Amino acid sequence: MSSLNPQPDTPCVGICSTAIGDDVCRGCARTFGEISFWGELSQSEKDHCWACLSVRKVWLAVVRPLRGHLEVVSQAGRESARFTLRDGSVLLLGQPYVDGGRRWLPLTYGERELALEVSLDSWPQQLSAWLAG
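Nothing here was measured: the structure is a model prediction, and the numbers come from that model.

> Pulling in residues and values, what's your account of the pairing of strand β6 (residues 112-117)?
Where strand β5 (residues 102-109) lies against β6, six bridges are found, and the strand directions are antiparallel. Bridging across to β6, Leu107 finds its partner in Leu114. Counting the residues in the hairpin turn of β5 and β6 gives two residues, including Gly110, whose phi is positive at 65°.

> An account of helix α2 (residues 43-63) is needed here, citing residue identities and associated values.
With 21 residues, α2 extends 30 Å between its outermost C-alpha atoms, agreeing within 8% with the 30 Å of an ideal straight helix rising 1.5 Å per residue. Leu53 marks where α2 bends most, by close to 40°. Buried within α2 are the following residues: Lys46, Cys49, Cys52, Leu53, Val55, Arg56, Val58, Trp59, Leu60, Val62 and Val63.

> I'd like to hear about the layout of surface pockets, residue by residue, with values.
In this structure, the largest pocket spans a volume of roughly 310 Å³. Lining the largest pocket are 14 residues; nearest its centre among them are Asp22, Arg26, Val63, Leu66 and Gly68. Put simply, the parts of the chain that give the lining of the largest pocket at least two residues each are α2 and β1 (68-75). Classifying every residue of the lining of the largest pocket gives six nonpolar, two polar and six charged.

> If you had to explain unusual backbone geometry to someone new, which residues and values would you point to?
A negative phi angle is the norm for most residues apart from glycine, just as the trans form is the norm for most peptide bonds. Residues other than glycine seldom take positive phi values, yet Ala29 does so here, at roughly 75°. The topology assignment puts Ala29 in the segment before α1 (32-36). By relative accessible area, which is 1% here, Ala29 ends up buried.

> Account for the environment of Val13, naming residues and giving values.
Mapped onto the secondary structure, Val13 falls in the segment before α1. Considering only alpha carbons, one finds Val13 and Gln126, 113 residues apart in sequence, at a separation of 30 Å. In contact with Val13, other than residues within four places in its own chain, are Gly27 and Cys28.

> I'd like a rundown of the pattern of salt bridges, residues and numbers included.
Within this structure, the stated rule accounts for five salt bridges. Residue Glu71 pairs with Arg82 through a salt bridge whose shortest N-O separation is 3.5 Å. Residue Glu71 is found in strand β1, and its partner Arg82 is found in strand β2 (residues 78-85); the two are separated by 11 residues along the sequence.

> Explain the nonpolar core residue by residue, including any values.
In this structure, Leu70, Leu91, Leu93, Leu107 and Leu127 are the most contacted members of the largest nonpolar core, which totals 28 residues. For this core, the secondary-structure elements that each account for two or more residues are α2, β2, β3 (90-93), β5, β6 and α3 (123-132). Here this core takes eight residues from α2, the largest share from any one element. Once you skip the residues sitting within four places of it in the chain, Leu70 turns out to touch Asp23, Val24, Trp59, Leu60, Val63, Ala81, Arg82, Phe83 and Leu93.

What counts and how
- Residues numbered from 1 in each chain as written.
- Predicted model: local features only at pLDDT ≥ 70, side-chain atom pairs only at ≥ 80, totals over all residues.
- Heavy atoms only, no water.
- Pairing = 2+ DSSP bridges.
- Helix = DSSP H or I, 4+ residues; strand = E, 2+ residues; numbered from the N terminus.
- Expected span 1.5 Å × (residues − 1).
- Bend = angle between axes of the 7 residues up to and from the residue.
- Buried < 20%, exposed > 50% of the residue type's maximum accessible area, 1.4 Å probe, protein only.
- 1 Å grid on protein atoms, 1.4 Å probe; cavity = no way out; pocket = protein on both sides within 12 Å on 5 of 7 lines; lining within 4 Å.
- Points joined across faces, edges and corners; volume = space filled by probe spheres on them.
- Nonpolar A, V, L, I, M, F, W, Y, C, P; charged D, E, K, R; others polar.
- Contact = heavy atoms within 4.5 Å.
- Salt bridge = Lys/Arg side-chain N within 4 Å of Asp/Glu carboxyl O.
- Core = buried A, V, L, I, M, F, W, Y, C linked by side-chain atoms within 4.5 Å.

Don't take any of this as a statement about function, it's just geometry.
Set out below in structure tokens:
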């Protein structure tokens, strides 16, 4: 790593879950494609990936207690996520945002929508209750 570039060459943290079938790595939050072709990506593609990682890490944290499969969906330059639960139902995760000093994550499950306050310690219980309801 160059002293002029404070960013490492790759986001890899050495815990790659794409080897066990994940589309989004639980370690670095890159997609399987980004990991596979990292050496071939342009600098702007790498920069875009780096910029997306903090949001993807929020998504990974939210779905961690659930069983299923997370996919990143890119549309018109913005990302969202689709989490397919083991029963085949789908949880859609939007872009996190801050409002009033609190951090929120918009979710859609079937016809129901929720702004999950992920800045609260109780968000996992709120998510479980909402999914069950």
